[in-house]
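Each chain is listed here by its residues.
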Amino acid sequence: MSNSDTKQARVDNLQQVQAARKEDSAGRVFKAIERLQKIDGKINFTTVAKEANVSVSYLYKYPEIKQRIAEVRNKQRSFPTSPVAQPNSSSTGKIITRLKEKSQQLENENKELKRKNEALAGQVYRVHYLQEQVERQQQIIEDLQGKLKGEQLDSKVTPISSKRKTTIDEQIQSELDSLDIGLNPTLTKTIKAATESTVLAAIAALKEQLSKKDIPNPGGWLNKAIREGWTKPELIPQQSAKPEYQIVTTSERPTKELISFDKLQELSTIFKQKDE
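This one's a predicted model, so the numbers in the text were calculated from it and none came from an experiment.

Kindly report on the pattern of salt bridges, identifying the contributing residues and their values.
Throughout the structure, instances matching the rule amount to eight salt bridges. Here glutamate 51 makes a salt bridge to arginine 35, at a shortest N to O gap of 2.8 Å. One end of the pair, glutamate 51, is in helix α2 (residues 45-52); the other, arginine 35, is in helix α1 (residues 3-38), and 16 residues separate them in sequence. Taking the relative accessible area as the measure of exposure, arginine 35 reaches 16% and is therefore buried. For the salt bridge of glutamate 175 with lysine 207, the shortest nitrogen-to-oxygen distance reads 2.5 Å. With glutamate 175 in helix α6 (residues 170-178) and lysine 207 in helix α8 (residues 196-212), this pair connects stretches of sequence that are 32 residues apart. Accessibility expressed as a relative area gives 37% for lysine 207, which makes it partly exposed.

Can you tell me about the nonpolar core, naming the residues and giving the values?
Membership of the largest hydrophobic core comes to 17 residues, with the highest contact counts inside it found for Val29, Val48, Leu59 and Ile65. Elements with a minimum of two residues in this core: α1, α2, α3 (56-61) and α4 (63-78). Sequence-distant contacts of isoleucine 65, that is, excluding residues within four places in its chain, are made with Ala26, Val29, Phe30, Tyr58 and Leu59. Residues Leu176, Leu179, Ile181 and Val199 belong to the second largest nonpolar core, which totals 16 residues.

Let's hear about α6: which residues, and what values?
N-capping of α6 is provided by aspartate 169, with a side-chain oxygen placed 3.0 Å from the backbone N of glutamine 171. With its phi angle positive at about 60°, aspartate 180 sits one or two positions after the end of α6.

Lay out the confidence of the model for the protein chain in plain terms, naming residues and giving numbers.
Caution applies to low-pLDDT parts of the model: their predicted coordinates are not meant to be read in detail. Put simply, the protein chain has an average pLDDT of 77, and 73% of its residues get 70 or more. Predicted confidence for residues 83-87 stays below pLDDT 50, and this span has two contacts to residues more than four positions away or in other chains.

So what's going on with the packing of aromatic side chains? Residues and values would help.
Within the structure shown, the criterion is met by three aromatic pairs. Judged by centre distance (4.3 Å) and plane angle (15°), the ring pair of phenylalanine 45 and tyrosine 60 falls under stacked. A residue pair is termed long-range when its members are at least 10 positions apart, and phenylalanine 45 in helix α2 and tyrosine 60 in helix α3 qualify at 15 residues. Taking the centre distance of 5.0 Å and the plane angle of 70° together, the rings of tryptophan 221 and tryptophan 230 count as edge-to-face. Judged by its relative accessible area of 28%, tryptophan 230 falls in the partly exposed class.

A description of unusual backbone geometry should follow, citing residues and the corresponding values.
We note that aspartate 40 has phi near 55°; this positive angle belongs to a residue other than glycine. With respect to the secondary-structure elements, aspartate 40 resides in the loop between α1 and α2. Backbone geometry at aspartate 180 places phi at a positive 60°, although glycine is not the residue there. Following the sequence through the fold, aspartate 180 ends up in the loop between α6 and α7 (185-193).

What counts, and where the lines are drawn
- Residues numbered from 1 in each chain as written.
- Predicted model: local features only at pLDDT ≥ 70, side-chain atom pairs only at ≥ 80, totals over all residues.
- Heavy atoms only, no water.
- Salt bridge = Lys/Arg side-chain N within 4 Å of Asp/Glu carboxyl O.
- Helix = DSSP H or I, 4+ residues; strand = E, 2+ residues; numbered from the N terminus.
- Buried < 20%, exposed > 50% of the residue type's maximum accessible area, 1.4 Å probe, protein only.
- Core = buried A, V, L, I, M, F, W, Y, C linked by side-chain atoms within 4.5 Å.
- Contact = heavy atoms within 4.5 Å.
- Polar contact = N/O pair within 3.5 Å; in protein donor to acceptor, adjacent residues only side chain to side chain.
- pLDDT = per-residue confidence, 0-100.
- Phe/Tyr/Trp six-rings, centres within 6.5 Å; stacked < 30°, edge-to-face > 60°.

The structure is reproduced here in structure tokens:
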């Protein structure tokens, strides 16, 4: 809503409030005239203003009210006033009682209308206040937006994701090219998430397997090898089987120990004694 529309709305609200006040005051004035006529009260600007609870200047303010009071006053002067009823008359007492009750009822209605009028005026004032607050806040927001657009950010914030590898290492890319393996999103993500040594070890394992047999999907094989940390198997030297028996050469035969001459004589003596 623009400022011109807001101002026009305020003017319309104030005009409505003034019209309601005028209507309420005019109604009280005409009712006051009727009440004075019923009780044969004296009608002039002073008595009507007092009965309607308004100022005399207010009665002169509106031509229709001023004309009505003047007409009733002039008519009242042209006719003789009726004699005042005796206080002890029962019919007169009933009339007075009814008039008092009616007067009290009208007074209560007047108070209620006045209360509603004051509440309405307070609401109108609050609406105007809130509208001013909204306009002030909108202006502050526009000023802040203008300052933010005019300012230049000197410092650049490095996102957390930039700490990760954003490119494939040249050595790894060279190995992939030599194997004719193209990069897809899955393999690229796996390579970036692993260390360079893990990727190179998995490539070496792939080369080893390709040297033995054909692999239909080298890229998928390599992706799984990187994720599971496969490496090239180490070559273990094969040992020759042990023969069931060993051939011993002449040089490997045990050397016989020779018995001395004295030992032979001792043995011969032992055998002779056994024979005897």
